[in-house]
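# Structural features, examined
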Amino acid sequence: MCLAIPGQVVEVVDEHNRLATVEVAGVRRTVNIGLLDVGDVGAVPGDWVLIHVGFALSKIDEEEARATLRLLEQMGAEYAQELDELKASVIE
Amino acid sequence: MKFVDEFRDAELGRVVAGEIVAAVEPGRHYKVMEVCGGHTHSIYKYGVDDLLPSNVELVHGPGCPVCVIPMGRVDDGIALAHEPGVIFTCFGDMLRVPGSSQTLLDAKADGADVRIVYSPLDALRIAKQNPEREVVFFAIGFETTAPSTALTLRRARAESVGNFSVMCSHVTIVPPLRALLESPDLRLDGFIGPGHVATVVGARPFQFLPDQYGKPVVISGFEPLDILQSVLMVLRQLGAGRATVENQYARVVPWEGNLRALEIMAEVFALRPHFEWRGLGFISQSALRISDAYAEWDAEERFSVPGVRVADPKACQCGEVLKGVIKPWECKVFGTACTPERPIGTCMVSPEGACAAYYNYGRFAREREVA
Ligand code: SF4
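Residues numbered from 1 in each chain as written. Chains lettered and ligands numbered in written order. Predicted model: local features only at pLDDT ≥ 70, side-chain atom pairs only at ≥ 80, totals over all residues. Heavy atoms only, no water.

The subject of this paragraph is the overall build of chain A. Check the secondary structure of chain A and you find two helices and five strands. Across chain A, helices and strands are ordered from the amino to the carboxyl terminus as β-β-β-β-β-α-α. On C-alpha atoms alone, chain A measures out to a radius of gyration of 12 Å, which is about the 12 Å that the 2.2 N^0.38 rule sets for 92 residues. Projected onto the principal axes, the alpha-carbon positions of chain A cover approximately 40 × 30 × 20 Å. (Helix = DSSP H or I, 4+ residues; strand = E, 2+ residues; numbered from the N terminus. Rg over C-alpha atoms; globule rule 2.2 N^0.38 Å.)

Have a look at this one:
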């Protein structure tokens, strides 16, 4: 549960509840982007974000996202488990 | 240096390792604590400490949320899970944490409806799908995770989801660090600050380390190169006789943190006067409870929670490990009675726990050979 995984925002699917489809390691899942609503711009499609327990925690740039993904992939089992749990997640 | 090839920039890795050697005074022993379990994990996985001179020692801190949950709290969770009609939800890491007589996994085998969720929002969805059941979410984690619980509770209130509640066991990072610095067991020279926690709280809360204790702290990213660079930054401060908060992870961590997250946390949570930490005992103002405005969704209000207090098992030295006083392999049951498959203590359960990290990366075998 301590991992933060990078993903790219595809589209905002529930404006009111601040839910967005995010592509994470090839899978699309719904996550909450409400914690990024600082100022007048929140996360928008195309943004890379770090996701922790179903919530986008911070925006990052693409290079950072790719480097973080590489690091996570090298972790092996724990990353695989986190991805499995993420895949089982149905946030609506 | 086989590890350096796995760094984002191997050449820079070599340069930094060299600069660290140049930055230390021979004859001086440096103890630098990495606060966060994620760092501990990277350090063992990549052998970061093998790249350091022998007089620079990395000490593992208390920043693993699963590790610090006391046994009594697990027992309380298990008691709730056994309540009739309850669906008890938690992160997967909590399932195998030993309570005094059972784990949540055992409770599940005994017929309790215990379900793993990836997100507190999954727990809320389960509540909405099962209106005739009571759904409890066992919330754990530092400030990294607490905002997610807070937003979930906000939504539960907005949608009047009456059969959802949270057993709040969120903890905060500053009080245990203060407790460590006040304890005579341990002399530390500086800190590698927790990157993800700082994403939420910012760098400012760590200012007390230099201001009140004269200790340098560098907020760090999680790649091996990040950690190496942060160690160098700590050593340079020490060499120059300085102590400040520096942010090595500025590409992700804003100095002021995530103001939105802090605002929501302030609304949904309140500080507990004190909270018990595994192995560290009671630490004042070190954990969060659900605020009065959200009391309706507080599992501790809704159910009678036993509030169990149990001493850690005699064989367990997690407290010493969490304080950095001993290394995992110095615990008498490490790798024998206590393994990731059959953990006695929490530090062996979570991958971020120092004992599990040592065990999984085979370092204990190496250490024992040289010992
Ligand atoms: S080996 Fe087990 S009992 Fe000993 S400190 Fe580590 S987790 Fe705790």
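Around the ligand, the surrounding shell consists of Cys316, Gln317, Cys318, Val321, Cys331, Val333, Phe334, Cys338, Gly345, Cys347, Met348 and Cys355 of chain B. Here the shell around the ligand is composed, by residue class, of ten nonpolar, two polar and no charged. (Near = heavy atom within 4 Å. Nonpolar A, V, L, I, M, F, W, Y, C, P; charged D, E, K, R; others polar.)

Every contact between the two is made by 45 residues of chain B and, on the other side, 36 residues of chain A. Close ionic contact of Arg251 of chain B with Glu64 of chain A constitutes a salt bridge, the shortest N to O distance being 2.2 Å. Counting across the interface, chain B meets chain A through twelve residue pairs in polar contact (both at pLDDT 80 or more). Those elements giving two or more residues to the side of chain B that touches chain A turn out to be helix H2 (37–46), helix H5 (120–129), strand E5 (134–141), helix H6 (146–158), helix H8 (195–201) and helix H11 (259–268) of chain B. Along the lines of polarity and charge, the residues of the side of chain B that touches chain A split into 20 nonpolar, 13 polar and twelve charged. (Contact = heavy atoms within 4.5 Å. Salt bridge = Lys/Arg side-chain N within 4 Å of Asp/Glu carboxyl O. Polar contact = N/O pair within 3.5 Å; in protein donor to acceptor, adjacent residues only side chain to side chain.)

Turning to the packing of aromatic side chains, a few remarks are in order. Geometry of an aromatic ring pair is reported as the spacing of the ring centres plus the angle between the planes. All names here are of chain B. Scanning the model with the defined rule gives nine aromatic pairs over all chains in all. Ring centres of Phe208 and Tyr213 lie 6.1 Å apart, and the angle between their planes is 85°; on these two criteria the pair is classed as edge-to-face. Pairwise contacts between aromatic rings join Tyr44, Trp329 and Tyr358 into one cluster. Above the face of the Tyr46 ring, Lys45 is positioned so that its terminal group lies 6.0 Å from the ring centre. (Phe/Tyr/Trp six-rings, centres within 6.5 Å; stacked < 30°, edge-to-face > 60°. Lys NZ or Arg CZ within 6 Å of the ring centre and 35° of its normal.)

What follows deals with the state of the cysteines. Residue and element names in this part refer to chain B. Under the defined criterion, the tally for this structure stands at one disulfide over all chains. Through a disulfide, Cys64 is tied to Cys67; the S-S separation comes to 2.3 Å. Negative torsions about the S-S bond denote left-handed disulfides, and the value of about 70° found for Cys64 with Cys67 makes this one right-handed. Of the two residues examined, Cys64 and Cys67, each falls in the buried class. Left without a disulfide partner, Cys168 is nearest to the cysteine sulfur of Cys90, which lies 15 Å away. Residue Cys347 stays outside any disulfide, its sulfur separated by 3.6 Å from that of Cys318, the closest cysteine. According to the relative accessible area criterion, Cys347 is buried, its value standing at 1%. (Disulfide = S-S within 2.5 Å. Buried < 20%, exposed > 50% of the residue type's maximum accessible area, 1.4 Å probe, protein only.)

The subject of this paragraph is the pattern of salt bridges. Following the criterion strictly, the structure yields 25 salt bridges over all chains and no others. Note that Lys128 of chain B and Glu159 of chain B form a salt bridge whose closest N and O atoms lie 2.6 Å from each other. Separated by 31 residues along the polypeptide, Lys128 of chain B in helix H5 and Glu159 of chain B in the loop between H6 and strand E6 (164–170) bring together distant segments of the chain. Of the residues examined, Lys128 of chain B reaches a relative accessible area of 38% and is grouped as partly exposed. Its relative accessible area of 31% is what places Glu159 of chain B among the partly exposed residues. The closest approach of N and O atoms between Asp189 of chain B and Arg187 of chain B, which form a salt bridge, is 3.0 Å. On the basis of relative accessibility, which here comes to 7%, the residue Asp189 of chain B falls in the buried class. By relative accessible area, which is 47% here, Arg187 of chain B ends up partly exposed. One salt-bridge network, in which partners are shared between bridges, spans Glu64 of chain A together with Glu223, Asp226 and Arg251 of chain B.

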